Amino acid sequence: MAIQILFHLSLLLLILLSPPPTTANLEGDALYALRRAVNDPHNVLQSWDPTLVDPCTWFHVTCDSDNRVTRLDLGNAKLYGKIVPELGKLERLQYLELYMNKLVGPIPNELGGLKNLVSLDLYHNNLTGSIPPSLSSLSNLRFLRLNGNRLTGRIPRELTKLGNLKILDASNNDLCGTIPTSGSFSKFTEESFVNNPKLEGPELMGFVRYDAGGCN
């Protein structure tokens, strides 16, 4: 009996001391979800070890003094796959750099929860679907570059509320409808929207309706 008890205690101790399959840190879990969702032919994400306490030692990840993720720099990393909604859990993220990869699928609505985001660079991928209106919640956003994808649908009018937006590039997509000119969009030229064959405008004095343009 004593040997049995000792065996079970040893087994329990082994389980408790074994590293978990994923870190208990929510931000590490969120980033590891991205790693699982993409193919990484050049092993750019090789250092992303889910058994670590937090992801701040991973390459291409920058953290603040509280070990919270503030930057994700994966531009031109040759990644294939999808952007995962779990990235919306990186509450202090300021820079999301995923440009010049081969990412497909939609832009997750959950990215609208990144309240501290300053720069969202998703240009030169193969992203599809519409621009999420939820991005209008990114009140600190200054740079929004979505050019060179296959995005469709209208430009959400909610985005005109982004008062801090300095740079917008939605060119080279398949957007439709009209180009908004109110709010923060009043300072953007047509260069921000070129090479969207179904996109019309800009809206001038209300003469071009929002529902105009080939959005059937």
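Predicted model only: the values in this text are computed from it and were never measured.

Cut-off values and rules
Residues numbered from 1 in each chain as written. Predicted model: local features only at pLDDT ≥ 70, side-chain atom pairs only at ≥ 80, totals over all residues. Heavy atoms only, no water. Helix = DSSP H or I, 4+ residues; strand = E, 2+ residues; numbered from the N terminus. Buried < 20%, exposed > 50% of the residue type's maximum accessible area, 1.4 Å probe, protein only. Contact = heavy atoms within 4.5 Å. Areas by Shrake-Rupley, 256 points an atom, 1.4 Å probe, with all protein chains shown as cover. Pairing = 2+ DSSP bridges. Disulfide = S-S within 2.5 Å. Core = buried A, V, L, I, M, F, W, Y, C linked by side-chain atoms within 4.5 Å.

Visitor: Just to check I follow, could you spell out the overall build of the protein chain for this structure?
Guide: A count of helices and strands for the protein chain gives 2 helices and 13 strands. Across the 216 residues in the protein chain, those meeting the buried criterion constitute 43%. Intrachain contacts of the protein chain at a sequence separation of at least 6 include 48% that bridge at least 24 residues. Surface exposure of the protein chain reaches about 11,400 Å², of which carbon and sulfur atoms provide 55%.

Visitor: Would you take a moment to explain unusual backbone geometry for this structure?
Guide: The phi angle of most residues is negative, glycine excepted, and most peptide bonds adopt the trans form. A positive phi angle, close to 75°, is found at histidine 60, a residue other than glycine. By secondary structure assignment, the location of histidine 60 is in the loop between strand S1 (38-39) and strand S2 (61-63). Assessed through its relative accessible area of 33%, histidine 60 is described here as partly exposed. Within the chain, asparagine 172 stands out as a residue other than glycine whose phi angle is a positive 60°. Among the structural elements, asparagine 172 can be located in the loop between strand S11 (167-169) and strand S12 (174-178).

Visitor: Help me understand the sheet that holds strand S10 (residues 152-153), please; the structure alone is not making it clear to me.
Guide: Two pairing modes exist for strands in a sheet, parallel and antiparallel, and in both the strands are linked by backbone hydrogen bonds. With parallel pairing, 3 strands are arranged side by side in an open sheet as S10-S12-S13. The sheet is open, and its two borders are formed by S10 and strand S13 (198-200), each paired with just one other strand. As paired elements, S12 and S13 share 3 bridges and run parallel to each other. Considered in S13, the bridge of glycine 177 is made with leucine 199.

Visitor: Which parts of the structure should I look at to understand the state of the cysteines?
Guide: Disulfide: a covalent bond connecting the sulfur atoms of a pair of cysteines. Inspection of every chain in the model, using the stated rule, returns 2 disulfides. Between the sulfur of cysteine 56 and that of cysteine 63 lies a disulfide, 2.1 Å long from S to S. Handedness of the cysteine 56-cysteine 63 disulfide follows from its S-S torsion of about -95°: it is left-handed. What makes cysteine 56 partly exposed here is its relative accessible area of 21%. Paired by a disulfide, cysteine 176 and cysteine 215 hold their sulfur atoms 1.7 Å apart. Handedness of the cysteine 176-cysteine 215 disulfide follows from its S-S torsion of about 100°: it is right-handed. Taken together, the positions of cysteine 176 in strand S12 and cysteine 215 in the segment after S13 put the pair 39 residues apart, joining distant regions of the chain. Among the residues examined, cysteine 176 registers a relative accessible area of 7% and is labelled buried. Bonded cysteines in the protein chain are paired 1-2, 3-4 when counted in the order they occur along the chain.

Visitor: Honestly, the nonpolar core in this entry has me stumped. Any pointers?
Guide: One broad trend across soluble globular proteins is that nonpolar side chains are buried collectively. Grouped together as the largest cluster of nonpolar side chains are 49 residues, with contacts concentrated most on Leu72, Leu74, Leu87 and Leu96. Within the residue set of this core, elements represented by two or more residues are helix H2 (26-37) and strand S3 (69-73). The element contributing the most residues to this core is H2, with 4 residues. If near-sequence neighbours (up to four positions away) are discounted, leucine 87 is found in contact with Ala30, Leu31, Leu34, Leu72, Leu96, Leu98, Leu111 and Leu114.

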